[in-house]
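# An overview of the molecular structure
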Amino acid sequence: MIAVFKREFKSYFNNMLGYVVIAGTLLLIAFYFYSTNLVSGQPKFEYTLIDASGFLFTLVVPLLTMKSFAEDRRQKSDQLLLTSPLSVPQIVLGKYFGTLAVFGIAILVLIPYPLILGIMGKVNYMTAYSGLIGYFFLCAALSAIGIFMSSLTESQIISALLSLCTMLFLTMVPMIASKIPSSALVNYIIFTVIAIAIVIAIYALTRNFTVAAIFAVAAEAILIVLFRKFPAVLENSVANLLGHIAVFDQMASLAYGLFDITTLVYYISVAALFIFFTIQSIEKRRWS
Amino acid sequence: MIQVEHLVKKYGENYAVNDISFTVEEGKVYGFLGPNGAGKSTAMNIITGYIAATSGRVLINGHDVLEEPQEAKRCIGYLPELPPLYMEMTVEEYLTFAAAIKNVPKDKRKAEVERVMQKTSVTHMRKRLCRNLSKGYKQRVGLSQALLGDPKVIILDEPSVGLDPMQIIEMRDLIRGLARDHTVILSSHILSQVSETCDHILIISKGKIVAQDTPENLSRLVAEYETVELTVISDPQTVIDVLKPLEDLSYAVLPLNEPGKVRVTIRGDKDTDVRSIVATALAQARIAIVAMNTISASLEDIFLRLTGNTPGKKPVAKAAKAEEAAEDSAEAAAEETGSPAETEETNEGDEDK
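These remarks concern the structure in this document.

About the cut-offs
- Residues numbered from 1 in each chain as written.
- Chains lettered and ligands numbered in written order.
- Predicted model: local features only at pLDDT ≥ 70, side-chain atom pairs only at ≥ 80, totals over all residues.
- Heavy atoms only, no water.
- Helix = DSSP H or I, 4+ residues; strand = E, 2+ residues; numbered from the N terminus.
- Buried < 20%, exposed > 50% of the residue type's maximum accessible area, 1.4 Å probe, protein only.
- Contact = heavy atoms within 4.5 Å.
- Areas by Shrake-Rupley, 256 points an atom, 1.4 Å probe, with all protein chains shown as cover.
- Buried area = accessible area lost by both parts, 1.4 Å probe.
- Polar contact = N/O pair within 3.5 Å; in protein donor to acceptor, adjacent residues only side chain to side chain.
- Nonpolar A, V, L, I, M, F, W, Y, C, P; charged D, E, K, R; others polar.
- Salt bridge = Lys/Arg side-chain N within 4 Å of Asp/Glu carboxyl O.
- Phe/Tyr/Trp six-rings, centres within 6.5 Å; stacked < 30°, edge-to-face > 60°.
- Lys NZ or Arg CZ within 6 Å of the ring centre and 35° of its normal.
- Pairing = 2+ DSSP bridges.
- Expected span 1.5 Å × (residues − 1).

### Focus: the overall build of chain A
- The helix and strand tally for chain A stands at 15 helices and zero strands.
- The 288 residues of chain A split such that 48% are buried.
- When contacts within chain A are restricted to residue pairs at least 6 apart in sequence, those whose partners lie at least 24 apart make up 77%.
- Carbon and sulfur atoms form 75% of the exposed surface of chain A, whose accessible area is close to 13,700 Å².

Dropping the structure here:
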């Protein structure tokens, strides 16, 4: 696993990609740092981080993760990895941490920023650094999503596009959530549409009509029961659900308050979930 | 060493590999032979654990590839159809990385990389990026990767594809050398390569093993016919008139470019002495024979017959058919009597499409 990690990390610096990602991150943060903190005399560095996060990760995550598995598969070098004594989780984790380490370098460079602010006034270092730590874990969660996208295809472009769309969606989640009406009927309809999409996805992946049909019937039955008997459960439910997947908002709660362990647990859970999906996606490819 | 039991791999409704079973003994060279798309690579990918079979199982040194992948994969070195190189790494970096993931202990890695580079003579390329290597050298680096950690079984998928004739000979000698202390399985669609290097040949066609034996036994199988090729001074029609009354012989007649000369290919049962019968008949008709030779049945014949591309059967079928061909056009006749080597090439071309 360590060998895979090292190779993955070095591979970012064999071409421009690693440098571009780090330089781009630093440039963007520097710009926000200048306008948010320096020009307006704001001592909270975490504001810079939060302001920059949506734009930054929408750009950085697709770039950072697009080649991860897609490139290996296209070059057939995945044959070396998958026929070696390494297990699939070892390969995935090695690659994942290799990717994350590149972003880690950028984070390391950001460490002096609150100290610079400290020269000029009073800075709450606790919230500033918990914001920075949260930033790293946010990237950990988003990179896992990007790597999962990369494991779905052998084209880097498609992988990057998938990640880009996901990142855009995640940045828009809070806005979407605020616009959804709270009535039970609207929420019922939205969930039905989601259920239909899931059923189609299940059928496309498994080609098993029975399983898809059973899922469709079960999901719709549950929704109808909820709608008829407990409409209160459905009210506002989509907005609440979206609130849970609003990864960027979680970041805000971390930085505004004190060091909040639940946010970190949340990010680690998202990362773990998508690493698990990646492992499954690679295993599945061997079987089909 | 390796036991393959009832291996099946289905892609949708198509069988890439259909019920393959065989056993591999230690210290021998095995050859998978079959046209492109016969399922050789799929079978190898399953044996090495790259993809999983739909059903059946593979035991390597007693370890199931799916249930105990770590132990099983440790025994195997694999060179896939395309060498699995990381293009942005140098040869040495790449091999060191490969040694690490193959669990070569850290203190032995350097020596091990040195050893395999020497064995495949890529030492002078160690500082080159894999991207900048020629096809032949990529192949060699791929092979050195397979040798890392001295695995018991070495599996090579089309090891000499894309190599020049000199490199093919080197590769062959290298494989022969490996066979001294490894079990080698290689695949190829080129027959001469397999028959020269392998102790045991498995002929695969459309996902099935159609024959497996030593090269000697396989060629014995096919020797049912005797084929004689003659060059005579005459015109095609006269030759056909002379040959027509001869029973149990099939023939094809082809006018040569040199005016007045005709190439005749005649095939008879292996018990009949085709040469004397034909020579006597032609002599009686006062036709001069300027060249005559017997074509012995080769592995190529059996390969083409078993894999369903059967030019061998056509000339044997009916004399009338051959006659038609002769009258038709020189081209048609050429096709009919085309040497197996030529026919194989045409088939390859078709498969590639």
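### Observations concerning the interface of chain B and chain A
- Facing the 31 residues of chain B at the interface are 24 residues of chain A.
- Around 2,500 Å² of area is buried between chain B and chain A when both sides are counted, 61% of it from carbon and sulfur atoms.
- Ranking the residues of chain B by area buried against chain A places Tyr50, Tyr86 and Ile101 of chain B at the top, with a combined share of 29%.
- Summed over the shared surface of chain B and chain A, the result is nine residue pairs in polar contact (both at pLDDT 80 or more).
- When contributions to the side of chain B that touches chain A are tallied by element, the ones reaching two or more residues are β1 (2–11), α2 (69–74) and α3 (91–101) of chain B.
- It is α3 of chain B that contributes the most residues to the side of chain B that touches chain A, five residues altogether.
- Broken down by class, the residue content of the side of chain B that touches chain A amounts to 19 nonpolar, six polar and six charged.

### Overview of the pattern of salt bridges
- Throughout the structure, instances matching the rule amount to 18 salt bridges over all chains.
- Notably, a salt bridge pairs arginine 286 of chain A with glutamate 283 of chain A, separated by 3.5 Å at the nearest N-O pair. Here glutamate 283 of chain A and arginine 286 of chain A lie together in helix α15 (residues 261–287), a separation of three residues that amounts to about one turn.
- Salt-bridge contacts for lysine 127 of chain B lead to glutamate 92 of chain B; the nearest nitrogen and oxygen are separated by 3.1 Å. Remark: glutamate 92 of chain B occurs in helix α3 and lysine 127 of chain B occurs in the loop between α4 (106–119) and α5 (135–147); sequence separation between them is 35 residues.
- Members of the salt-bridge network, linked through shared partners, are Arg7, Glu8, Asp72 and Lys95 of chain A together with Glu88 of chain B.

### With respect to the packing of aromatic side chains
- Inspection of the entire model under this criterion finds 21 aromatic pairs over all chains.
- Between phenylalanine 136 of chain A and phenylalanine 137 of chain A, the ring centres sit 5.9 Å apart and the planes meet at 85°, which makes this aromatic pair edge-to-face.
- Classification of phenylalanine 136 of chain A by relative accessible area gives partly exposed; the value is 26%.
- With a relative accessible area of 22%, phenylalanine 137 of chain A lands in the partly exposed category.
- Ring centres of phenylalanine 148 of chain A and phenylalanine 277 of chain A lie 5.7 Å apart, and the angle between their planes is 50°; on these two criteria the pair is classed as tilted. Of the two residues, phenylalanine 148 of chain A is situated in helix α8 (residues 125–151) and phenylalanine 277 of chain A in helix α15; the sequence distance between them amounts to 129 residues.
- Of note, lysine 67 of chain A hangs over the ring of tyrosine 12 of chain A, and the distance from its end group to the ring centre comes to 4.6 Å.
- If you follow arginine 140 of chain B out to its NZ or CZ, it ends over the ring of tyrosine 137 of chain B, 4.7 Å from the centre.

### A word on the pairing of strand β13 (residues 261–269) of chain B
Residue and element names in this part refer to chain B.
- In this structure, strand β12 (residues 250–255) lies alongside β13, joined through six bridges in antiparallel fashion. Within β13, the position partnered with alanine 252 by the bridge is threonine 265.
- Adjacent in sequence and paired antiparallel, β12 and β13 are bridged by five residues, among which glycine 260 carries a positive phi angle near 90°.

### Concerning the pairing of strand β10 (residues 208–213) of chain B
Residue and element names in this part refer to chain B.
- Summarising the sheet, strand β9 (residues 200–205) and β10 pair through five bridges and their orientation is antiparallel. Within β10, the position partnered with isoleucine 204 by the bridge is isoleucine 209.
- Between the antiparallel neighbours β9 and β10 lie two residues, among them lysine 206 with a positive phi of about 50°.

### Regarding α8 of chain A
Residue and element names in this part refer to chain A.
- Along its 27 residues, α8 runs 39 Å from first to last C-alpha, staying within 8% of the 39 Å computed at 1.5 Å per residue.
- Most of α8 sits inside the fold, with 21 of its 27 residues counted as buried.
- N-capping of α8 is provided by asparagine 124, with a side-chain oxygen placed 3.1 Å from the backbone N of methionine 126.

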